[in-house]
Amino acid sequence: MIKTSYEFDQSILPAGSSLKTNILLRFRAEVAESPRRNLNLSLVIDRSGSMAGAPLHHALKAAESVVDQLEPDDILSVVVYDDEVDSVVPPQAVTNKAALKNSIHKVRAGGITNLSGGWLKGCEHVKTRLDPQKINRVLLLTDGHANMGIQDPKILTATSGQKAEEGIITTTLGFAQGFNEDLLIGMARAATGNFYFIQSIDEATEVFSIELDSLRAVVGQNLKVILELADGVSLVDTLSLAKVSQNDASQAVLTLGELYEGEDKLLGLSLVISSAQIGELPVMKLHYSADVVQDDLIQSVSGTVDVIAKVGTVEEAAFASTSHIILELSRLTIAKAKEIGLNLAEHGKHQEAEQTLRALVKELRDKGLNENFEIAEEIDQLEYFAGRIAQKALGNAGRKEMRDQSYQTMTRNRSDLVGRGVTAGDEVYAIPIVNEVGSGVELYCVREGGKLRIKVMSEGYDSTKNIQFPRAIRAEGARYVVEGLELSSERTFYRVRGNITRFAQPGEADIFVAPRQSNLTNTGKASKGPASAADLITTDSVGDSILVQCVKDGSKLRARVVSDGYEPDWNMRFPRSVREEGMLYVVDEVKTAPDGKSYIACGEIKRFVQPNSTN
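Residues numbered from 1 in each chain as written. Predicted model: local features only at pLDDT ≥ 70, side-chain atom pairs only at ≥ 80, totals over all residues. Heavy atoms only, no water.

Attention now goes to the nonpolar core. Formed by 48 residues in total, the largest nonpolar core has its most connected members in Leu41, Leu43, Leu76 and Leu141. Broken down by element, the residue count for this core peaks at seven residues, all from helix H1 (residues 54-69). Filtering out sequence-adjacent residues up to four positions away, Leu41 remains in contact with Val66, Ile75, Leu76, Ser77, Arg137, Leu139, Leu212 and Leu215. Leu223, Val225, Val233 and Leu271 belong to the second-largest nonpolar core, a separate cluster that totals 35 residues. (Core = buried A, V, L, I, M, F, W, Y, C linked by side-chain atoms within 4.5 Å. Buried < 20%, exposed > 50% of the residue type's maximum accessible area, 1.4 Å probe, protein only. Helix = DSSP H or I, 4+ residues; strand = E, 2+ residues; numbered from the N terminus. Contact = heavy atoms within 4.5 Å.)

Another point: the side chain of Gln199. Mapping Gln199 onto the fold places it in the loop between strand E9 (195-198) and helix H6 (204-216). One polar contact links the side chain of Gln199 to the main-chain amide nitrogen of Val422, over a distance of 3.1 Å. Look past the residues within four positions of Gln199 in its chain and what remains in contact with it is Ala176, Gln177, Glu401, Gly421, Val422 and Thr423. (Polar contact = N/O pair within 3.5 Å; in protein donor to acceptor, adjacent residues only side chain to side chain.)

Glancing now at the environment of Leu297. Note that Leu297 resides in strand E16 (residues 297-312). In this structure the C-alpha to C-alpha distance between Leu297 and Pro132, which are 165 residues apart in sequence, comes to 9.3 Å.

Here we take up the environment of Lys606. By the secondary structure assignment, Lys606 is in strand E28 (residues 599-608). The exposure class of Lys606 is partly exposed, given its relative accessible area of 27%. In this structure the C-alpha to C-alpha distance between Lys606 and Ala93, which are 513 residues apart in sequence, comes to 41 Å. Beyond its immediate sequence surroundings of up to four residues, Lys606 is in contact with Ile537, Thr539, Leu584, Tyr585 and Val586.

A few words now on the pattern of salt bridges. If you walk through the whole model with that rule in mind, you get 43 salt bridges. Ionic pairing is found between Arg447 and Asp202, a salt bridge with its closest N-O pair at 3.1 Å. Note that Arg447 is positioned in strand E18 (residues 441-448) and Asp202 in the loop between E9 and H6, a separation of 245 residues in sequence. A residue is classified by how much of its surface remains accessible, and Arg447, at 23% relative accessible area, is partly exposed. With a closest N to O distance of 3.4 Å, Arg495 and Glu371 form a salt bridge. Residue Arg495 is located in strand E22 (residues 493-503), and its partner Glu371 is located in the loop between helix H9 (350-366) and helix H10 (373-390); the two are separated by 124 residues in the primary sequence. Classification of Arg495 by relative accessible area gives buried; the value is 15%. (Salt bridge = Lys/Arg side-chain N within 4 Å of Asp/Glu carboxyl O.)

Attention shifts here to unusual backbone geometry. Note on backbone geometry: most residues besides glycine have negative phi, and most peptide bonds are trans. The phi dihedral of Lys392 is positive, around 55°, even though this residue is not glycine. Inspection of the secondary structure assignment puts Lys392 in the loop between H10 and helix H11 (395-411).

The next thing to look at is the sheet that holds strand E6 (residues 85-93). Taken together, the six strands give an open sheet; going across it, the order is E6-E5-E4-E7-E8-E9, and neighbouring strands pair in mixed fashion. Every other strand in the sheet has two partners, leaving E6 and E9 as the edge strands with one partner each. The sheet shows a mean angle of 15° between the axes of neighbouring strands, direction not considered. Here strand E5 (residues 75-81) pairs with E6 via six bridges, running antiparallel. Bridged to Tyr81 within E6 is Val85. Sheet strands touched by H1: strand E4 (39-46), E5, strand E7 (135-142) and strand E8 (169-175). Its angle to E4, the strand with the most contacts, is close to 170°. (Pairing = 2+ DSSP bridges. Axes fitted to C-alpha atoms, helices over the stretch in contact; angles between N-to-C directions.)

What follows covers the pairing of strand E27 (residues 584-592). Of all nine residues in E27, seven are buried; the element is thus mostly enclosed. In this sheet, E27 lies alongside strand E24 (residues 546-553) in antiparallel orientation, the contact comprising four bridges. Residue pairing across strands places Gln549 opposite Leu584, the latter belonging to E27. Sheet topology note: the E27/E28 ladder contains seven bridges and is antiparallel. From the neighbouring strand, Glu589 faces E28, where its bridge partner is Cys602. Counting the residues between successive antiparallel strands, the hairpin from E27 to E28 contains six residues, one of them, Gly596, with a positive phi of roughly 75°.

Turning our eyes to something else, we now look at the packing of helix H8 (residues 326-346) against H10. The description of two helices packed together rests on the angle between their axes and the distance between the axes. Between H8 and H10, the shortest axis-to-axis distance is 11 Å and the interhelical angle comes to 10°. It follows that H8 is roughly parallel to H10 by the angle criterion. Every residue of H10 that contacts H8 at Leu327, Ser330, Arg331, Ile334, Lys338, Gly341 and Ala345 is listed here: Glu374, Ile375, Glu378, Gln381, Leu382, Phe385 and Ile389. Looking at side-chain class alone, the contact of H8 with H10 contains seven nonpolar, three polar and four charged residues. (Parallel < 35°, antiparallel > 145°, perpendicular 65-115°, else oblique. Nonpolar A, V, L, I, M, F, W, Y, C, P; charged D, E, K, R; others polar.)

All right, on to the packing of H1 against helix H2 (residues 97-105) then. Across the interface, H1 lies against H2 with an axial gap of 10 Å and an inter-helix angle of 170°. It follows that H1 is roughly antiparallel to H2 by the angle criterion. Contacts between H1 and H2 involve Leu60, Ala63, Glu64, Val67, Asp68 and Gln69 on the former and, on the latter, Lys97, Leu100, Lys101, Ile104 and His105. Of the residues contributing to the contact of H1 with H2, the split by class is five nonpolar, two polar and four charged.

Here H10 spans 26 Å end to end across 18 residues, near enough to the 26 Å set by a 1.5 Å rise per residue. By the criterion of burial, H10 is predominantly enclosed, with 15 of the 18 residues buried. Sitting at the amino-terminal end of H10 is Asn372, which places a side-chain oxygen 3.0 Å from the backbone nitrogen of Glu374. Where H10 ends, the next residue or the one after it, Lys392, has phi of about 55°, a positive value. (Expected span 1.5 Å × (residues − 1).)

Turning our eyes to something else, we now look at the sheet that holds strand E12 (residues 243-246). A sheet is described by the order of its strands in space; here six strands give the open sequence E2-E16-E15-E10-E13-E12, paired in mixed fashion. Strands with a single pairing partner mark the edges of an open sheet, and in this sheet they are strand E2 (13-14) and E12. As judged from the two bridges shared by E2 and E16, these two strands associate in the parallel manner. Bridge assignment links Leu13 to a residue of E16, and that residue is Val311.

Right, here's the structure in full:
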């Protein structure tokens, strides 16, 4: 069965007209303890040129960790793709983990990104073993934009929804900074799957584990809610991510996806009530349905809940206790504000976007919610994003963080997924530097679970307590000196008091002395090669350079750029002496030729050697 409950943001609503209120609805599948559901899983991994080096290394390690966590009754397939699509592990039971990991271990980086081809092959593999009693899932990982095959986001998103109707759910994982977050989030939403932003590539294994934990915890699917609003009640906004449609009766139908064991599915709604009289006020009938695990089988369940508000005088409403769910509604409101702010900024309304975020900060502080550490952290995030937007400097990383934070809060009820982001703002370089702590307090910034946290280093303080600290100047590995720390009103976390300086130990290199620049020297001169490819210097890292591959084009060997951001079909001026079919090269610079439709390789050329995928 499904347990449902609801609460308004005020325990007593004031009588009157045109009243706006928020309501939080909870859904939880109440199931007896049952065996873990088996998985029918396809891992689809981008092996295009931009993944060469550390990104592919960590992606493959994460894939091998998935194998370690599966059971013999699970079905696994592994697809890798660049311009070609290969099934390195066809669909099979996980009975020989060593052989499966060995197949993954052999994967090497290649050419350009045929995302659609890889993903559809993964869907095909899941379909061959489709079982409604299993969790049928495709995990699509990419670090770049689709530049081959089907590239239209609308088509890919619509197809993801169609596959979900067939029982094949897609989860997307965006790796590093080059992927299209709108596409991956759109595909995940259309399929009612999950989306993850793997900002630090060495956290790939951790993020894969979060998804596997989620899959093991699925106890319900296809949760749908129909809102039968009472007369005089209208829906203003939905604070949770849901696929919203209308039925034949013009009622809102919200598709909320999966239910996880021990985790509430939250639905926040903003409503306007045209007239509220003292007493009990019927607000809506809530009709819900889902496919839930019962007696070790998937069975359809449904029900109806009458949502009733308590209405009193203005005085009664003012003195009534504020509902304890105000924190959860605030989190959803913050996530919605980030979504709105980002959309405004992307339409050139930077001032309006900044005002939207700062107005919410003021509202949260006026309510005293900054005394809760999670909300205090969100306030720092809102101020950080507001400042970046005002400067028109949100950037690619900031945009991804903002979209991810909004998505996770409005989709899942897990603290380890919200507030993730580790980008260091330029502000950290402008902080005054001191070489001794003196009478101040030393702090240190560390990365924990995809978040930047501040820890106290000085004695006399509780090192287990969190510290509220401006998000704009957080940078992993940075050390700070502050005048002091003070406890929050409930003594649960610290706040910084006084000026903040950055601490640089005398004699140690200061990694934040200035924005780090590329070590490359762009000469602009066309590359020259040695007598053969065997004479090239080798490297196992791409870094800020550009990856090039030699491919067969009819009877000729052509050099083509495989790094993201370049035209994959353009020819390139490249030394013939070092061309070998299939070989990967790292070049300092690629310039557009005078004809405007080909490239010139410039600077030093190195031969790329694939790093070992396991340690």
